[in-house]
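The residues making up each chain are set out below.
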Amino acid sequence: MTGQFSLTSWVRWLRQRAESSGGSRFSKIARSVTSLGLARIVAMVVPFVTIPLALRHLDAERFGLWMAATSFMAVLSLADGGISNSLVTSVAASEARGDRFAVRQLLTNAAMVVGLVSLALLPVGAAIAWGVDWRVVFSLRTARAVAEAPWIVFLVLASTALNLWVNVFVRLRYGLQRIVHASLWELIALASSLPAFFLCLSLDQGTPALVFTLAVLPAFVRGLGGWVFLRGEADLWPQRKLLSRTVQKGLLGAGSMYLLLEVAVALSVTSDQFFIASLVSAEAVPPYTVFNRLYSLPFVLVGLVFQTLWPAYARAAVHGEFAWIRRSFFTSLAMAGGFALVAALFLSATHPWVTRLWLGKALVPTAWLVPGMAIYCVVAVLELGGR
């Protein structure tokens, strides 16, 4: 109830702030928050359904191997140089000026650069997957885990490479404040993965098949969504003649600040499961993964609001409405921090009941895991708001 009240208050506050500068801005933000909220809720539900089933279908070692391999996603997502993130504000600013040609040029250059990077990552991923002795890296014990490890790693890396390119077209829609369209296709991607996942379970398929259904297949569906969007926006379709080194340098320059931040996050936060598997064992990863999922919920919920505010800030900056930007930023940051603190305390008090309800048994965490996750929950939300 507390989380629901906080989000409701947040939207009410956005409405009050928007009334002073025109209702159109709020209506776009409200629609975006609603659609993103629905997509994020489904995105949160999917792991809560799939993790217990995967844990029962796989042994702890193979499930831990899968989760550890996902740490590569955070590192490889840095390969776009921050272009996708910089595209949001650049597109929003160009659209606010009514310059559709600039939007088209930005998309053309971003798609070309990131597309080449994505293609280059595929052979690199294959070399890593079959060139590394994962039995030693993850302290694997069973023959089946050793046999599946290269395929798991390759599929995770391939889905990351594909998502890098697809994310360009997702960020384009964010910058144009067509977030409802992007969220709809996110829902379709998530919905398509579940039937395939259940089919693999019924056919008693191994870990690589499960990774394909939950990582690679949704990426293809998101890409289809980007193609459908551009089919209806003929004036934005990329053209080779619009390639420009100046535009590419501008995107990379604007993305550099995002890149530095993402590097810090990748090294300090999202590589945790890889190091647990390497330093302890793959079997030690599942308990950590469960608590990490729980304490990430406030981050996900807050993120849906901040992602809709960023393009709104860019548009407001074009019109010189810096007072509104300043007010919105500090108020939303304070409300996000308060929400995260309450949520972290609630999860810390109820985690035995929550894990028993979710997994069928209560997990006993190590002494410092719960307080560490609570602190991480609050800090991560504040860091997200300050990006």
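Note that the coordinates shown come from a computational prediction; the quantities given were computed from them, not determined experimentally.

## Focus: the overall build of the protein
Then, number 1: Across its full length, the protein holds 16 helices and zero strands.
Then, number 2: Within the protein, the fraction of its 387 residues that count as buried is 52%.
Then, number 3: In the protein, the proportion of contacts linking residues at least 24 apart, taken out of those at least 6 apart, comes to 84%.

## What about helix 3 (residues 60-69)?
Then, number 1: Counting buried positions over the ten residues of helix 3 gives nine, a clear majority of the element.
Then, number 2: All buried positions along helix 3 are accounted for by Glu 61, Arg 62, Phe 63, Gly 64, Leu 65, Trp 66, Met 67, Ala 68 and Ala 69.
Then, number 3: N-capping of helix 3 is provided by Asp 59, with a side-chain oxygen placed 3.0 Å from the backbone N of Glu 61.

## Looking at the environment of Ile 152
Then, number 1: Mapping Ile 152 onto the fold places it in helix 8 (residues 143-175).
Then, number 2: A relative accessible area of 0% means that Ile 152 is categorised as buried.
Then, number 3: For the pair formed by Ile 152 and Leu 210, sequence separation is 58 residues and the distance between their alpha carbons is 9.3 Å.
Then, number 4: Leave out the neighbours within four places in its chain, and Ile 152 touches Leu 65, Trp 66, Ala 69, Thr 207, Pro 208 and Val 211.

## A short note on the packing of aromatic side chains
Then, number 1: The final tally for this structure, using the stated rule, is seven aromatic pairs.
Then, number 2: With a centroid separation of 6.1 Å and an interplanar angle of 75 degrees, the aromatic rings of Phe 63 and Trp 66 are classed as edge-to-face. Of this pair, Phe 63 and Trp 66 both sit in helix 3, three residues apart, which is roughly one turn of the helix.
Then, number 3: Phe 63 gets classed as buried once you look at its relative accessible area, which sits at 1%.
Then, number 4: An aromatic cluster of three or more residues is present, and its members are Trp 130, Trp 151 and Phe 154.

## Examining the confidence of the model for the protein
Low pLDDT means the predicted atomic positions in that stretch should not be read closely.
Then, number 1: The share of residues in the protein with pLDDT of 70 or more is 82%, and the mean pLDDT across the chain is 81.
Then, number 2: The secondary structure element of the protein with the lowest average pLDDT is helix 1 (residues 2-19), at 48, and the one with the highest is helix 10 (residues 207-231), at 93.

## As for a nonpolar patch on the surface
Then, number 1: Together, Ile 41, Val 45, Val 49 and Phe 198 make up an exposed nonpolar region whose accessible area comes to about 310 Å².
Then, number 2: When residues of the nonpolar patch are assigned to their parent elements, the largest contribution, three residues, is made by helix 2 (residues 23-57).
Then, number 3: Judged by its relative accessible area of 44%, Val 45 falls in the partly exposed class.

## What about the pattern of salt bridges?
Then, number 1: Following the criterion strictly, the structure yields nine salt bridges and no others.
Then, number 2: Residue Arg 222 is joined to Glu 186 by a salt bridge in which the shortest nitrogen-to-oxygen separation is 2.7 Å. With Arg 222 in helix 10 and Glu 186 in helix 9 (residues 179-202), the pair connects residues that are 36 residues apart, well separated along the chain.
Then, number 3: Assessed through its relative accessible area of 17%, Arg 222 is described here as buried.
Then, number 4: Of the residues examined, Glu 186 reaches a relative accessible area of 21% and is grouped as partly exposed.
Then, number 5: Connected via shared salt-bridge partners are Glu 95, Arg 100, Arg 178, Glu 233 and Asp 235.

## Brief notes about the nonpolar core
Then, number 1: Residues Trp 66, Leu 140, Val 168, Leu 172 and Tyr 295 are the most contacted members of the largest nonpolar core, which totals 87 residues.
Then, number 2: In terms of residue count, helix 8 provides more of this core than any other element does, twelve residues in total.
Then, number 3: Ignoring anything within four residues of it in the chain, the contact list for Trp 66 reads Ala 54, Leu 58, Ile 152, Thr 207, Leu 210, Val 211 and Leu 214.
Then, number 4: Residues Val 88, Val 166, Val 170 and Ala 182 belong to the second largest nonpolar core, which totals six residues.

## Let's talk about the packing of helix 8 against helix 9
Then, number 1: Packing of helix 8 against helix 9 brings their axes to within 7 Å, and their N-to-C directions diverge by 145 degrees. Judged by residue contacts, Val 170, Arg 173 and Tyr 174 of helix 8 engage Ile 179, His 181, Ala 182 and Trp 185 from helix 9.

## Here's the deal with the side chain of Arg 171
Then, number 1: Relative to the elements of secondary structure, Arg 171 occurs in helix 8.
Then, number 2: The residues touching Arg 171, leaving out its near neighbours within four places in the chain, are Ser 84, Asn 85, Leu 87 and Val 88.

## Quick look at the packing of helix 3 against helix 13 (residues 285-295)
Then, number 1: It is the contact of helix 3 with helix 13, at a shortest axis distance of 8 Å, that shows an interaxial angle of 55 degrees. The pairing of helix 3 with helix 13 is recorded here as oblique in orientation. For the element pair helix 3 and helix 13, the recorded crossing hand is left-handed. Contacts from Ala 60, Phe 63, Gly 64, Met 67 and Ala 68 of helix 3 reach helix 13 at Val 285, Pro 286 and Thr 289.
Then, number 2: The class makeup of the residues in the contact of helix 3 with helix 13 is six nonpolar, two polar and no charged.

## Thoughts on unusual backbone geometry
Then, number 1: Phi is positive for Ser 139, which is not a glycine, with a value near 50 degrees.
Then, number 2: Locating Ser 139 in the fold gives a position in the loop between helix 7 (134-137) and helix 8.
Then, number 3: A positive phi angle, close to 55 degrees, is found at Gln 177, a residue other than glycine.
Then, number 4: Mapped onto the elements, Gln 177 comes out in the loop between helix 8 and helix 9.
Then, number 5: For Gln 177, a relative accessible area of 13% corresponds to the buried category.

## Focus on the environment of Thr 289
Then, number 1: You can see Thr 289 is positioned in helix 13.
Then, number 2: The class of Thr 289 is buried, set by a relative accessible area of 2%.
Then, number 3: Between the alpha carbons of Thr 289 and Met 67 there is a distance of 7.5 Å; along the sequence they are 222 residues apart.
Then, number 4: Once residues lying within four places of it in the same chain are set aside, the contact partners of Thr 289 are Met 67 and Gln 273.

The rules behind these values
- Residues numbered from 1 in each chain as written.
- Predicted model: local features only at pLDDT ≥ 70, side-chain atom pairs only at ≥ 80, totals over all residues.
- Heavy atoms only, no water.
- Helix = DSSP H or I, 4+ residues; strand = E, 2+ residues; numbered from the N terminus.
- Buried < 20%, exposed > 50% of the residue type's maximum accessible area, 1.4 Å probe, protein only.
- Contact = heavy atoms within 4.5 Å.
- Polar contact = N/O pair within 3.5 Å; in protein donor to acceptor, adjacent residues only side chain to side chain.
- Phe/Tyr/Trp six-rings, centres within 6.5 Å; stacked < 30°, edge-to-face > 60°.
- pLDDT = per-residue confidence, 0-100.
- Patch = residues over 30% accessible without salt bridge, like charges linked within 9 Å, V, L, I, M, F, W, Y side chains within 5 Å.
- Areas by Shrake-Rupley, 256 points an atom, 1.4 Å probe, with all protein chains shown as cover.
- Salt bridge = Lys/Arg side-chain N within 4 Å of Asp/Glu carboxyl O.
- Core = buried A, V, L, I, M, F, W, Y, C linked by side-chain atoms within 4.5 Å.
- Axes fitted to C-alpha atoms, helices over the stretch in contact; angles between N-to-C directions.
- Parallel < 35°, antiparallel > 145°, perpendicular 65-115°, else oblique.
- Left-handed = near helix turned anticlockwise from the far one by under 90°.
- Nonpolar A, V, L, I, M, F, W, Y, C, P; charged D, E, K, R; others polar.

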